[in-house]
Each structure stands twice: as structure tokens, then as C-alpha cells.
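# Coordinate inspection notes
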Amino acid sequence: GNYYSWGGKMLRKISKVQNLKAYASRRGILDSRKNAIAKLKVGADMAAINANLEGPGAKTYLVGLRGQTANIVRVSGGPVKQWSLRAKGLDKACNQWGSAWSFK
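This section reports on the structure supplied with the text. (Residues numbered from 1 in each chain as written. Predicted model: local features only at pLDDT ≥ 70, side-chain atom pairs only at ≥ 80, totals over all residues. Heavy atoms only, no water.)

### Some points on the overall build of the chain
When helices and strands are tallied, the chain shows 0 helices and 7 strands. Shown N-terminal to C-terminal, the secondary structure of the chain runs as helices and strands in the order β-β-β-β-β-β-β. Of all intrachain contacts in the chain linking residues separated by at least 6 positions in sequence, the fraction that spans at least 24 positions is 38%. For the chain, the computed accessible surface area is about 7400 Å², with 54% contributed by carbon and sulfur atoms. (Helix = DSSP H or I, 4+ residues; strand = E, 2+ residues; numbered from the N terminus. Contact = heavy atoms within 4.5 Å. Areas by Shrake-Rupley, 256 points an atom, 1.4 Å probe, with all protein chains shown as cover.)

### Structural notes on the sheet that holds strand 1 (residues 3–7)
Taken together, the 3 strands give an open sheet; going across it, the order is 1-2-3, and neighbouring strands pair in antiparallel fashion. The strands lining the two open edges of the sheet, one partner per strand, are strand 1 and strand 3 (36–39). Each strand axis lies, on average, 20° off the axis of its neighbour in the sheet, ignoring direction. Of the strand pairs in this sheet, strand 1 and strand 2 (residues 10–14) are connected by 5 bridges, and their pairing is antiparallel. Counted as the bridge partner of Gly7 is Met10 from strand 2. (Pairing = 2+ DSSP bridges. Axes fitted to C-alpha atoms, helices over the stretch in contact; angles between N-to-C directions.)

### As for a nonpolar patch on the surface
Residues Tyr3, Val17 and Leu20 make up a contiguous nonpolar surface patch of about 260 Å² in total accessible area. Examined against the element boundaries, Val17 turns out to sit in the loop between strand 2 and strand 3. (Patch = residues over 30% accessible without salt bridge, like charges linked within 9 Å, V, L, I, M, F, W, Y side chains within 5 Å. Salt bridge = Lys/Arg side-chain N within 4 Å of Asp/Glu carboxyl O.)

Next comes the structure, spelled out in C-alpha cells:
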């Protein structure tokens, strides 16, 4: 499968993670500058979903919360594309690591 990470400005994707060599430390692992796929803001935590949000057929999206904004990023079925939705009434814990797993 694919592994996605976001670190402040860049969204990164590592394809076929299960086929990569394992390392005992961070030394020797992939150069993170080579796997950037988009410059955008996602949030404190991300969850991947497969859904039909735009029309014909399901695509893969990452959903993350940043403050009171839900960020949705399409990562399959076309170029990377982002939408932002304002959210109201969220618990303060929604801006912390692990918060994406609080929702269904």
C-alpha cells in the first residue's frame, strides 16, 4: 500500500511500503525530498478514506483537521487536489495527534 505523511508544508507519498527494506535506524532510509507530491496544509492527523466524493468511481482521499478546518486531499484518480471545510463545535482534542481516528 501507500504511506502518506505531512510535515508542515509538504505532503509525501511512499508507494508499496510493504516491499521496502527495513532499517534499524533512520540512517539509510529514503530521501524524503524525493517523495513530495504536493505543497499544502493538511493538519495534525490524517485518515485515508476510499469514497465517491466527486462523481464516477471511488478515489482515495486524506482527511485531516487543522484547527477548525477539515482538509480533504484527493491523492488518487487525478492530480492532487485539496478542499477545506470550516467545522464548528469540535472538541479541543480534534487538533491533536490521533484525532482523525475519533470520527467515522
